[in-house]
Amino acid sequence: QVQLVESGGGLVQAGGSLRLSCAASGRTFSNYAMGWFRQAPGKEREFVAAISWSGGRTYYADSVKGRFTISRDNAKNTVYLQMNSLKPEDTAVYYCAASTTRNIKEYDYWGQGTQVTVSS
C-alpha cells in the first residue's frame, strides 16, 4: 500500500505562485513514477505533469508547460509541483498519483487532493 498526502494548496491571485507537495509512504518511493492531475468543477480530471522514477524525465500538459515544474526528492519521499504565473483557469483540485509500474500513463495510488483557487 502507498499513501499519498498532498499539501500546499490555497488561494492566490492571478500571476502568483504556489508549490504543492505530495508526501508518500513506503520505502520504495524511488521506484515509482509520479504524476500530478487536476479536476476543475464540472470537468473531467486531466493530466498536469509527471516525473520518472529517477527524476531524469519530466512531462507536462501543454496548458502548463513553461509555468509549472515537477520535481522529486527521493530522500524525502516527496514530489513537488511548482506553479508560477497562475491563471484563473488553473483553479482545480490537484491530485498526486503514484505508478508502481513506472508507467506514467497508469497510476495505482492517488492522494486525496488539495484545492488551488486562482482569483482574477
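Nothing here was measured: the structure is a model prediction, and the numbers come from that model.

The rules behind each value
- Residues numbered from 1 in each chain as written.
- Predicted model: local features only at pLDDT ≥ 70, side-chain atom pairs only at ≥ 80, totals over all residues.
- Heavy atoms only, no water.
- Core = buried A, V, L, I, M, F, W, Y, C linked by side-chain atoms within 4.5 Å.
- Buried < 20%, exposed > 50% of the residue type's maximum accessible area, 1.4 Å probe, protein only.
- Helix = DSSP H or I, 4+ residues; strand = E, 2+ residues; numbered from the N terminus.
- Contact = heavy atoms within 4.5 Å.
- Salt bridge = Lys/Arg side-chain N within 4 Å of Asp/Glu carboxyl O.
- Pairing = 2+ DSSP bridges.

Student: Help me understand the nonpolar core in this model?
Tutor: It is characteristic of soluble globular proteins that their nonpolar side chains tend to be buried jointly. If you look at the biggest cluster of nonpolar residues, it comprises 29 residues, and the most contacted ones within it are Met-34, Trp-36, Leu-81, Met-83 and Tyr-94. At the level of secondary structure, the elements contributing two or more residues to this core comprise strand S3 (18–24), strand S4 (33–39), strand S5 (46–51), strand S7 (68–73), strand S8 (78–83), strand S9 (92–99) and strand S11 (114–119). Other than its neighbours up to four places away in sequence, Leu-81 contacts Leu-18, Arg-19, Leu-20, Trp-36, Val-48, Ala-49, Phe-68, Thr-69, Ile-70 and Tyr-94.

Student: How do you make sense of the pattern of salt bridges when you look at a structure like this?
Tutor: Oppositely charged side chains can pair when the atoms bearing their charge come close. Going through the model one piece at a time under the given rule, you end up with four salt bridges. With a shortest N-O distance of 2.9 Å, Arg-38 and Asp-90 are connected by a salt bridge. Of this pair, Arg-38 sits in strand S4 while Asp-90 sits in the loop between S8 and S9, placing them 52 residues apart in sequence. Each of Arg-38, Glu-46, Arg-67 and Asp-90 takes part in salt bridges that share partners, so that together they form one network.

Student: Would you take a moment to explain the pairing of S8 for this structure?
Tutor: For a regular strand, the rule is simple: side chains alternate between the two faces of the sheet. Here S8 lies mainly inside the structure; five of its six residues are buried. With six bridges connecting them, S3 and S8 associate as antiparallel partners. Bridged to Leu-18 within S8 is Met-83. Pairing geometry for S7 and S8, over six bridges, is antiparallel. By the bridge assignment, Ser-71 is partnered in S8 with Tyr-80. Counting the residues between successive antiparallel strands, the hairpin from S7 to S8 contains four residues, one of them, Asn-77, with a positive phi of roughly 55°.

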